[in-house]
Structures are given as C-alpha cells and as structure tokens.
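Understanding the architecture of this molecule
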Amino acid sequence: ESRRVLVHSTRANSYFQTFDGVDVCSERLASEVLAIVEANRSLKNISVIGHSLGGVLARHALSRLYREDGTIAGLTPLQYITLATPHVGVSPTSPSALPFLEWIGGREERLLGNRFQPVKKTLATISPYVGSLAIRRTGSQLFLTDTDGSAGRPLLIDMALNQRFLAPLKAFRRRVAYANVSGDHLVAWQGSALARLHESSPTEDDIFQTGRGVLLSRLEGDVEMSSERNGNTRQSIPEADSQHDELVSSLRSVGAWDRVDVCFPSSEKALELETYHATMPLVRLSIPLISSLTHNHIQVTHPVVNWRGLHVVEHLVENLNL
C-alpha cells in the first residue's frame, strides 16, 4: 500500500520573530500546524523535527496541540526528533552552558594560566544579559533568567518538569535526540544529548567505527517519580546531582529516547576516511575554515556551506518510521 507524506517547513517564526519568546513563537507555530491539518483532512499521523531552538519551540507548541485522547491536533504522534537542541537551556552555571564561553581566550589562557580565569568568569556572568539584549525574551528564557514558567520559575525548567509539557512527549512512539559531540559553539553535548553529569560523550574513533560519523545509542526511560506539585508538576527527582541532572532525568522519564551522537572529522581523521577521499581537496580547505559551523552542519542549513552534514540528514531519513 502506497503512503503519501506531507512535508511542511514551518514559516510561522522567521528571522527576528524568533526573538519574541518561546511561548509567543510556539503559539504561532501551533496555529500554523492547526491550519495545515485543517487544509489536509486526509492526514493521519504527525512527526516533528526541530533544529536548535526549533526543537524547544516544537515541544512548547505540542503542549498547545495535545489532546486528552493522546493525539496531537487530532493526529497520531509518531516521532519527535531534535538536532542540536538546548533542551535544558544554556545557563552559564550549568554543564549545558554555551560552549564558546569555554573556547574564548584559549591562547591567552595558555599564556597567562590562572590569571585569565577572572576574565572568563566575567564573560560567563554577563552572558545572560548580553543574550537578553541580543535575542530579547528568547535569550532570557534560554539563559534561565526569566520568570515565564508556572509559579514564576524559568520557562525551560517548567517545560522539563511540568506534566503539561511531558505528556505530549510521552505520546510519541519514538523520541530522537541528535547531538554534536564537539565543535558546536552554541549548544553543548550534555544538553542536546540529554546526558547526565556522569555520562561521557563517545570519542571520535568510537563514532567513526561506523564509517558515517553517527553513533546511535538507546536511552532507556527513567522510572517516573510520583512526587508532583498541584497534580501536574514534578517537585523533585531523587538522586539528581544537580539541576541539570534533575531536568534531564525528568525529560527522560517520558520513555526511551534514541540518542544519535554526531561527529565531523578533524583534519587528521578526514584523511583516514574513505568516504572523504573523493572530496579531499575540499576537505583540506574547508575543515579549518568552517569547523565552527558545526551547529548548522548537523541539519545542512545551507547545502553549499554545510555539505559536511549530509550524512546526518541521510541517517535521519533512513531511520524515519512513517
């Protein structure tokens, strides 16, 4: 039996509209999804794919589209897939802090040693304010300095603990988190991979044993705790070593996730890989120049610049269970 698939690329939040806040953007996104469903009455199932902030917006929008019968906008939820998504924010005091804050001043730190630490500490301290100025409400929400969640707590913390947001996630048959192991200047592996503090990322050699630069692993669902506040918000999760672990454990409590660790080869590794031989002159040139674009490589934002991520997209498509 042939099956038709409608692929829709959302247009609800373009350019600077994404600065209006996760809640505002998700309302636009939910309205767009409802309009698409209304215009295509033959649709039966729904899958969601989000890159970076898009994964967070999608999760918030799902809370608006979820129905008590377990459907999303009346459709059967199949797969929720994120790529390099900051699931638990980018607070500078968290393991999921912006990676580039650690990269800044590498040369100076090697020369000055501990004397450069006050500079890095200052940069980390002011980063939430800079983020709020640069990307407005969305920035404050990503840095967890807002009070837009229930009981005045940060929205992304609320999204990780409140059953209003967890129930739609649980309804999906499959949940997948693609995460850059290294080189992503905006989203840390710990946040996009839903990894706890004691969990380590695989090495470049581990990932390239598959020959494709992607490594699939299974995150079994945590046992869901019954401790809740006001009947819908988890109050605490035992054995969480930090707020980061608490949020990750809560998101993993909805059921198993597939985690796909992604690595783009270093110059040395690229020389070893057969799959790169045909484009070796381009590899030699591009790796030093565009290695900082890893965050966009993972979803091939621009084919000419981010072609190194084609194997990731191929992996995603091959593993779609529609």
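Only a predicted model underlies this, so the values are computations on that prediction, with no experimental measurement involved. (Residues numbered from 1 in each chain as written. Predicted model: local features only at pLDDT ≥ 70, side-chain atom pairs only at ≥ 80, totals over all residues. Heavy atoms only, no water.)

1. What to know about the overall build of the protein
- Check the secondary structure of the protein and you find 14 helices and seven strands.
- For the protein, the exposed area adds up to about 16,200 Å²; of that, 54% sits on carbon and sulfur atoms. (Helix = DSSP H or I, 4+ residues; strand = E, 2+ residues; numbered from the N terminus. Areas by Shrake-Rupley, 256 points an atom, 1.4 Å probe, with all protein chains shown as cover.)

2. Quick look at a nonpolar patch on the surface
- Taken together, the side chains of Val 5, Val 7 and Leu 322 present a nonpolar region at the surface, about 300 Å² in accessible area.
- Looking at the secondary structure, you find Leu 322 in the segment after helix H14 (310–318). (Patch = residues over 30% accessible without salt bridge, like charges linked within 9 Å, V, L, I, M, F, W, Y side chains within 5 Å. Salt bridge = Lys/Arg side-chain N within 4 Å of Asp/Glu carboxyl O.)

3. Here we look at the nonpolar core
- Grouped together as the largest cluster of nonpolar side chains are 44 residues, with contacts concentrated most on Val 22, Val 48, Tyr 80, Leu 156, Met 159, Leu 251 and Trp 257.
- Secondary structure elements with two or more residues in this core: helix H1 (22–39), strand E1 (45–51), helix H2 (53–65), helix H6 (155–161), helix H7 (163–171) and helix H10 (243–252).
- It is H2 that contributes the most residues to this core, seven residues altogether.
- Apart from residues no more than four positions distant in its own chain, Trp 257 is found in contact with Tyr 80, His 87, Leu 169, Arg 175, Val 176, Ala 177, Leu 194, Ser 217, Arg 218, Leu 219, Leu 251 and Arg 252.
- Core analysis: the next-biggest nonpolar cluster, separate from the first, contains twelve residues, Ala 84, Val 214, Ile 298 and Val 312 among them. (Core = buried A, V, L, I, M, F, W, Y, C linked by side-chain atoms within 4.5 Å. Buried < 20%, exposed > 50% of the residue type's maximum accessible area, 1.4 Å probe, protein only. Contact = heavy atoms within 4.5 Å.)

4. Considerations on the environment of Leu 65
- As for its position among the elements, Leu 65 is in helix H2.
- Sequence separation between Leu 65 and Val 33 is 32 residues; the distance between their C-alpha atoms is 8.5 Å.
- Every residue in contact with Leu 65, bar those within four places of it in the chain, is listed here: Ala 30, Val 33, Leu 34, Thr 71, Ile 72 and Ala 73.

5. Some details on the packing of aromatic side chains
- For the structure on display, the rule yields three aromatic pairs.
- Aromatic pair Phe 16 and Phe 19: ring centres 5.5 Å apart, planes at 65°, arrangement edge-to-face.
- For Phe 16, a relative accessible area of 60% gives the class exposed.
- The exposure class of Phe 19 is buried, given its relative accessible area of 17%.
- Centroid distance Tyr 80 to Trp 257: 6.1 Å. Interplanar angle 80°. Geometry classified as edge-to-face. In this pair, Tyr 80 is assigned in strand E2 (residues 76–83) and Trp 257 in strand E7 (residues 257–262), connecting sequence segments 177 residues apart.
- With a relative accessible area of 1%, Trp 257 lands in the buried category.
- In textbook terms, an aromatic cluster arises when at least three aromatic residues are bridged by ring pairs, as seen for Tyr 80, Phe 172 and Trp 257. (Phe/Tyr/Trp six-rings, centres within 6.5 Å; stacked < 30°, edge-to-face > 60°.)

6. Examining H7
- Three or more residues of H7 are buried, namely Gln 163, Phe 165, Leu 166, Pro 168 and Leu 169.
- Sitting at the head of H7, Asn 162 places a side-chain oxygen 2.9 Å from the backbone nitrogen of Arg 164. (Polar contact = N/O pair within 3.5 Å; in protein donor to acceptor, adjacent residues only side chain to side chain.)

7. Quick word on the packing of H2 against H7
- With their axes 8 Å apart at the nearest point, H2 and H7 run at an angle of 95° to one another. With respect to their mutual orientation, H2 and H7 come out roughly perpendicular. For the pair H2 and H7, the contacting residues are Arg 59, His 60, Leu 62 and Ser 63 in the first and Arg 164, Phe 165, Pro 168 and Leu 169 in the second.
- When its residues are assigned to classes, the contact of H2 with H7 shows four nonpolar, two polar and two charged. (Axes fitted to C-alpha atoms, helices over the stretch in contact; angles between N-to-C directions. Parallel < 35°, antiparallel > 145°, perpendicular 65-115°, else oblique. Nonpolar A, V, L, I, M, F, W, Y, C, P; charged D, E, K, R; others polar.)

8. What about the pattern of salt bridges?
- Enumeration over the complete set of coordinates arrives at twelve salt bridges.
- Across the pair Asp 20 and Arg 28 runs a salt bridge whose closest N-O atoms are separated by 2.4 Å.
- Judged by its relative accessible area of 24%, Arg 28 is partly exposed.
- Among the salt bridges present, the one from Glu 199 reaches Arg 196, with a minimum N-O distance of 3.6 Å.
- Classification of Arg 196 as buried rests on a relative accessible area of 15%.

9. Digging into the pairing of strand E3 (residues 174–180)
- Counting buried positions along E3 gives seven out of seven residues, so the element sits mostly inside the fold.
- Bridge count for E2 against E3 is five bridges, and the pairing is parallel. Opposite Gln 79, over in E3, you have Arg 174 as the bridge partner.
- As paired strands, E3 and E7 are joined by five bridges and run parallel to one another. Counted as the bridge partner of Ala 177 is Arg 259 from E7. (Pairing = 2+ DSSP bridges.)

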